[in-house]
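# Residue-level structure breakdown
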Amino acid sequence: MVAAGALISGTGTNLQALIDRIAAGRLDCALRLVISNRTGAPGLQRAAAAGIPTRVIEHGGFARREDFDRAVVAALEEAGVELVLLAGFDRLITPVFVAAFPLRIMNIHPGLLPSFKGLDAQRQALAYGVKVAGATVHFVDEHTDHGPIIVQGAVAIGPEDSEEEVRRRILAVEHEIYPLAVQLFSEGRLTVEGRRVIVRGPRPPLPPPLVHR
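So, here's what we can say about the structure. (Residues numbered from 1 in each chain as written. Predicted model: local features only at pLDDT ≥ 70, side-chain atom pairs only at ≥ 80, totals over all residues. Heavy atoms only, no water.)

## A word on the overall build of the chain
Regarding its fold elements, the chain presents six helices and nine strands. The C-alpha atoms of the chain give 17 Å as radius of gyration, which agrees with the globular expectation for 213 residues (17 Å, within 12%). Taken along the three principal axes of its C-alpha coordinates, the chain extends 50 × 40 × 35 Å. With 213 residues in all, the chain has 47% of them scored as buried. Of all intrachain contacts in the chain linking residues separated by at least 6 positions in sequence, the fraction that spans at least 24 positions is 64%. Element-wise, carbon and sulfur atoms account for 54% of the exposed surface of the chain, whose accessible area totals about 10300 Å². Here the chain contributes 23 positive and 23 negative side-chain charges, whose respective centroids are spaced 3 Å apart. (Helix = DSSP H or I, 4+ residues; strand = E, 2+ residues; numbered from the N terminus. Rg over C-alpha atoms; globule rule 2.2 N^0.38 Å. Buried < 20%, exposed > 50% of the residue type's maximum accessible area, 1.4 Å probe, protein only. Contact = heavy atoms within 4.5 Å. Areas by Shrake-Rupley, 256 points an atom, 1.4 Å probe, with all protein chains shown as cover. Lys, Arg positive; Asp, Glu negative; His and termini not counted. Charge placed at Lys NZ, Arg CZ, Asp CG, Glu CD.)

So this is what it looks like as structure tokens:
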């Protein structure tokens, strides 16, 4: 079982998906700590309700991004965290953070990387007119939305779909593939070769594409 820490900034729906899988006995992960950079983030209440320790480390109290990252790393290490999960965390992490947890930081991005990096990936996809969008779980490196891809899930997009509908569908996929990626890590089945993440053993089942209706 892997000891994980989650970083959040907002509602924490992906955090809740992880909590629910753990509670159901379907995810071999112990969430040791949830950290938010924003006081009052609703995700903190989700963690507290599940009995998970929480901390608020406000980024505004630090002059440099690196100093903020050092404080977060220290809190995670103190809690015995092995794997860091970015779950709606709105800060770009620095090489200081990456060096502390090499290939042990995961992020969930609401786009099929390498397409539509950065903010509002769902809006970018819809504006571009793609027929398939989705979500990506990847290891984090020094660049934004760039690290090796672990797992992806897709949704179909129709011409009449609203941005809200696209966001809803992609979020549903996120809630499936993030726990899957964490479980594969916990089982020691992930090997990184350059940009490729190799899954050893049987290929895990992926959620089927959410077909447009």
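## Some thoughts on the packing of helix α1 (residues 13–23) against helix α6 (residues 163–186)
Remark: α1 packs on α6, axes separated minimally by 9 Å, with the N-to-C direction vectors making an angle of 50 degrees. By the angle between their axes, α1 is oblique relative to α6. Remark: the crossing between α1 and α6 carries right-handed chirality. Within the contact between the two elements, α1 uses Thr13, Asn14, Ala17, Leu18 and Arg21 and α6 uses Leu171, Glu174, His175, Glu176, Tyr178, Pro179 and Val182. Per-class residue counts for the contact of α1 with α6 are six nonpolar, three polar and three charged. (Axes fitted to C-alpha atoms, helices over the stretch in contact; angles between N-to-C directions. Parallel < 35°, antiparallel > 145°, perpendicular 65-115°, else oblique. Left-handed = near helix turned anticlockwise from the far one by under 90°. Nonpolar A, V, L, I, M, F, W, Y, C, P; charged D, E, K, R; others polar.)

## Brief notes about the nonpolar core
Among the nonpolar cores identified, the biggest contains 43 residues, and Leu85, Met106, Val137, Ile150 and Val182 are the most heavily contacted of them. It is α6 that contributes the most residues to this core, nine residues altogether. If you look at the next biggest cluster of nonpolar residues, it comprises 19 residues, including Leu33, Ile57, Val84 and Ile105. (Core = buried A, V, L, I, M, F, W, Y, C linked by side-chain atoms within 4.5 Å.)

## Description of the side chain of threonine 136
With respect to the helices, strands and loops of the structure, threonine 136 is situated in strand β6 (residues 132–139). Taking the relative accessible area as the measure of exposure, threonine 136 reaches 0% and is therefore buried. A polar side-chain atom of threonine 136 sits 2.6 Å from the main-chain carbonyl oxygen of glycine 111. Non-local contacts of threonine 136, meaning those with residues more than four positions away in its chain, are made with Asn107, Ile108, His109, Gly111, Leu112, Leu113, Ile149, Val151, Gln152 and Ile177. (Polar contact = N/O pair within 3.5 Å; in protein donor to acceptor, adjacent residues only side chain to side chain.)

## Digging into the environment of glycine 194
Turning to its location among the elements, glycine 194 is positioned in the loop between β8 (190–193) and β9 (196–199). Taking relative accessible area as the criterion, glycine 194 reaches 64% and is therefore assigned exposed. Considering only alpha carbons, one finds glycine 194 and glycine 147, 47 residues apart in sequence, at a separation of 9.9 Å.

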